[in-house]
Amino acid sequence: MTVLNRERNEEALAAAGEVLRSRSLTQLAIARFLRNRVAVGATLIVAVMILMATFAPLFELMTGYEMDFQDRNFYSGKAPDWDAKHYFGTDQNGRDIFVRTMFGMRISMLVALVAASVALVIGVSYGAISGLAGGLTDTIMMRILDLLISYPLTLIAVIALAYFGRNIFIVFIIIGLVEWQIMARVIRGQVISLRNSDFIEAARAAGVRPIGILVRHIVPNVTGVAIVYMTLIIPEVILVESFLGYLGLGVQEPNTSLGVLISEGANAIERKPWMTYGPGMFLVVLLLALNFVGDGLRDAFDPKDR
Amino acid sequence: MSYALQRFGQMLVIVIIALLAVFSTQRLAPGGPFDGERPPPPKILENLRAYYDMDLSMPAQFYTYLFGMAGREIGDNGKPGKAHWFVVPSNAEITTLGGTNDRSTAEGVFVRQFCPWDQWLGQVIPGAREQLREQGTVFRKCGVVRGDFGLSMARRSIYVNDYVRDGLPATLKYAIPSLLFALLLGVPMGFYAAYRQNKPADFFMITIGMFGTVVPNLVMAPLLIFLFAVQLDSVFHWLFVETLEWVELGRRQRTLNWIPSGKTGGVMHYVLPTLVLGTGLLGRIVRLSRAGALEALRSNYVRTARAKGLPAHVILLRHVFKPAILPVLTYMGPVTAFILTGSLVIERAFSLPGLGRQFIAAATDRDYTLLMGTTVILLLAIILLNFIVDLLYTWLDPRIRRGGGRS
């Protein structure tokens, strides 16, 4: 822990513009996060990527509409060409890879939102039920969780997608069903430690009903952890989506995802390697940045550090 | 001993639950294995469905899949009288269903090795040929419990056992080397990084760990193919064939193909798959063993050992190794999962005929029997590895042996 010296304290006070007596745990965590340069840089990268994905149609306007059908290289794909504004080249249908990558990123962002939320809901409810119930229920639920962690649910997702998945939201929900176990375990631990803590004891002694304890004390205290672990789930979820897309089970044409693009590129790797570079780079950078953000948030919120 | 028995019972339950899950998903999902672009005529469809027991009730189907069936009558196959399905081993060929792969001899139907635990194995059944000629097809299903996974539904002359027999070695040939590669390289790397914490070597190892964790298989595979099988190949071609005139190539062979990127063949065909899977595993194992070793290095007994003046390698091997390897072992369950999901990607990228590829093909073709069969095999692989890990764990950590608290 760094000790705040007088100058820095006063700087902080001046910046805040008001007299601060104490800072809440969240404020402390945010301050700790902001001090982590790598995490802040990664957050910026993620923010830029979100913006790029959001404004993907603009890139299409920029490059997409001038297709030169007379060009004999049109259908064989063109190497990256900055003058023609094909930054990542084109594919065998003459489509700009950069624009396609941006649209693929949109799917990744959607997955991050929808699938991670599904995982959040399942993980939090499973963990909370297990932690609050205690006793035999808890034991059984944790045994099941232990089993699920060491078995690849991704394979089940492959089967489920092959049988049911054509709709994009079904794809997302199935992906969300894969990645919730770690969340459930962490939430359970948190709930158990809260349940045995003094202020819950005090609330119980004061006659607060269980539902009141749940809403007023347990939920707010679990939220931070849940959000942190959700950011750790997001890269996993994006990875699962691109994995399924690579196998041809994820989103279908005309939609595309990073995994689908990489799969297309991999098929043409000998002649058109640039088809893999762009999407692959974006996927790796996105995963890397999200990992750093998640790790930074976890370090910042880690109760052990307080 | 009772522990092993308990684990065995547990694994039986898991396999049955997983089979039940896959089975019910298949039957409840829309579509079936026989509706392609050109569905078969109704009569043949009826026969097909009867042959695969799909006309039975769902519980009966599942029971038959597990325990087999001696024989049953199905509807007429266009000949006078009823067609009987007789008690003859698993693989009589299905003459009524279009299969011409008749292995009957003058004496009877030869029994191939499909029920590994069947009494009919390798025998010739007298009289079966006549039955075959007069009454349609003879066959018997042994069920999964006797090692018979049945006949594939998409390619109706191939047995799932054949698929597994061909696919499992192809998968293991790169899965096991990559696991060894990751363990034998990753654990020492992690230990070394922990030993030299915050030194350049440590940062180098952390970078490798990050790289391996973050770059997914599906990106690594095409990149390595491009680098080794395309770019370096042309470099070597230029060097050895054009400049040094060292290698004589056949007229039609245009590349050296020194590290091939597709299909099976010699050892070199498995180099790239092993590398792709291995680096992914390596990254994770480096991170885990580094974390474990760091924790062990901070402990009091290591400080004592250092104070005694023990040399570094003794400390690392004797005091740090056991506690630090535990998190790596705990991770072996997810590692198996990683290998299996990775095998789907790798076998597609390198066109390897392994189990992962058959799994995908089965799922997309709605090949019910093949999917169930590959699922069972994959599950057994996971269970086996977890079992080995458990045994190692009890050996390494005496607290578990005594039935003490699990952390």
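Quick caveat: nothing in here was measured; it's all calculated off a predicted structure.

1. Quick notes on the overall build of chain A
Alright, step 1. Looking only at helices and strands, one finds 13 helices and zero strands in chain A.
Alright, step 2. Helices and strands appear in chain A in the N-to-C order α-α-α-α-α-α-α-α-α-α-α-α-α.
Alright, step 3. A total of 306 residues make up chain A; the buried ones form 42% of that total.
Alright, step 4. Pairs at least 24 residues apart make up 69% of the contacts formed inside chain A by residues separated by at least 6 positions.

2. Describing the overall build of chain B
Alright, step 1. Within chain B, the regular secondary structure consists of 14 helices and four strands.
Alright, step 2. Looking at chain B residue by residue over its 407 residues, the buried ones come to 37%.
Alright, step 3. Considering only intrachain contacts with a sequence separation of at least 6, the fraction spanning at least 24 residues in chain B is 68%.

3. Some words on the environment of Leu151(B)
All names here are of chain B.
Alright, step 1. Along the chain, Leu151 falls in the loop between helix H4 (128–135) and helix H5 (160–195).
Alright, step 2. Overall, Leu151 belongs to the buried group, with 26 C-beta atoms counted inside 10 Å.
Alright, step 3. Through-space distance from the C-alpha of Leu151 to that of Ile325 is 44 Å; in sequence the pair is 174 residues apart.

4. What to know about the interface of chain B and chain A
Alright, step 1. The partner chain A presents 32 residues to the 31 residues of chain B that form the contact.
Alright, step 2. If you list the elements that add at least two residues to the side of chain B that touches chain A, you get helix H1 (2–28), helix H7 (217–243), helix H11 (332–349), helix H12 (355–365) and helix H13 (368–396) of chain B.
Alright, step 3. Looking at the side of chain B that touches chain A, the element that brings in the most residues is H11(B), giving nine residues.
Alright, step 4. Per-class residue counts for the side of chain B that touches chain A are 25 nonpolar, five polar and one charged.

5. Describing the packing of helix H10 (residues 312–330) of chain B against H13(B)
Residue and element names in this part refer to chain B.
Alright, step 1. At a minimum axis separation of 10 Å, H10 and H13 run at an interaxial angle of 160°. Taken together, the axes of H10 and H13 are roughly antiparallel relative to one another. Note on packing geometry: the crossing formed by H10 with H13 is left-handed. The residues of H13 that touch H10, namely those facing Lys322, Ile325, Leu326 and Leu329, are Val389, Leu392, Tyr393 and Leu396.

6. Regarding the domain arrangement of chain B
All names here are of chain B.
Alright, step 1. Per the domain assignment, the segments making up chain B are domain 1 (41–152) and domain 2 (161–403).
Alright, step 2. On the side of domain 2, nine residues touch domain 1, which itself brings eight residues to the contact.
Alright, step 3. For the side of domain 1 that touches domain 2, the residue count by class is five nonpolar, two polar and one charged.

7. So, the confidence of the model for chain A
Alright, step 1. Per-chain confidence: chain A averages 81 in pLDDT, with 86% of residues scoring 70 or above.
Alright, step 2. Mean pLDDT per element in chain A: helix H1 (residues 6–16) of chain A is the minimum at 67, and helix H3 (residues 37–54) of chain A is the maximum at 89.

8. Brief notes about the nonpolar core
As a rule of thumb, nonpolar side chains are buried together in soluble globular proteins.
Alright, step 1. Val158(A), Ile175(A), Met183(A), Val237(A) and Ala221(B) are the most contacted members of the largest nonpolar core, which has 157 residues in total.
Alright, step 2. The element that contributes the greatest number of residues to this core is helix H5 (residues 97–133) of chain A, accounting for 18 residues.
Alright, step 3. Of the domains in this structure, domain 1 (41–152) and domain 2 (161–403) of chain B are the two that each give at least three residues to this core.
Alright, step 4. Ignoring anything within four residues of it in the chain, the contact list for Met183(A) reads Ala119(A), Leu120(A), Gly123(A), Val124(A), Gly127(A), Tyr229(A) and Ile233(A).

9. As for unusual backbone geometry
All names here are of chain B.
Alright, step 1. Here the phi dihedral of Ser351 falls at roughly 45°; this positive angle occurs in a residue that is not glycine.
Alright, step 2. By the secondary structure assignment, Ser351 is in the loop between H11 and H12.
Alright, step 3. Note on Ser351: 12 C-beta atoms within 10 Å, which makes it exposed.
Alright, step 4. Not every positive phi belongs to a glycine, and Arg366 is a case in point at roughly 55°.
Alright, step 5. With respect to the helices and strands, the residue Arg366 is situated in the loop between H12 and H13.
Alright, step 6. Looking at Arg366, the number of C-beta atoms within 10 Å reads 21, which means it is buried.

10. Quick notes on the environment of Phe321(B)
Alright, step 1. Locating Phe321(B) in the fold gives a position in helix H10.
Alright, step 2. Separated by 265 residues in sequence, Phe321(B) and Leu56(B) place their C-alpha atoms 57 Å apart.

11. Overview of helix H10 (residues 198–205) of chain A
Alright, step 1. Among the eight residues that make up H10(A), zero are buried, leaving the element largely open to the surroundings.
Alright, step 2. At the exit of H10(A) stands Gly207(A), carrying a positive phi of roughly 90°.

12. Comments concerning the packing of H5(A) against helix H13 (residues 274–301) of chain A
All names here are of chain A.
Alright, step 1. Contact pair H5 / H13: the axes reach a minimum separation of 10 Å and the direction vectors enclose 35°. In this structure, H5 crosses over H13, and the sense of that crossing is right-handed. Side by side, H5 and H13 meet where Ile97, Phe98, Thr101, Gly104, Met105 and Ser108 of the first sit next to Trp274, Met275, Gly278, Pro279, Phe282 and Leu286 of the second.
Alright, step 2. The residue inventory of the contact of H5 with H13, partitioned by class, reads eight nonpolar, four polar and no charged.

Calculation criteria
Residues numbered from 1 in each chain as written. Chains lettered and ligands numbered in written order. Predicted model: local features only at pLDDT ≥ 70, side-chain atom pairs only at ≥ 80, totals over all residues. Helix = DSSP H or I, 4+ residues; strand = E, 2+ residues; numbered from the N terminus. Buried ≥ 20, exposed ≤ 12 C-beta atoms within 10 Å, placed from the backbone. Contact = placed C-beta atoms within 7 Å. Nonpolar A, V, L, I, M, F, W, Y, C, P; charged D, E, K, R; others polar. Axes fitted to C-alpha atoms, helices over the stretch in contact; angles between N-to-C directions. Parallel < 35°, antiparallel > 145°, perpendicular 65-115°, else oblique. Left-handed = near helix turned anticlockwise from the far one by under 90°. Domains from an automatic or database assignment. pLDDT = per-residue confidence, 0-100. Core = buried A, V, L, I, M, F, W, Y, C linked by C-beta atoms within 7 Å.

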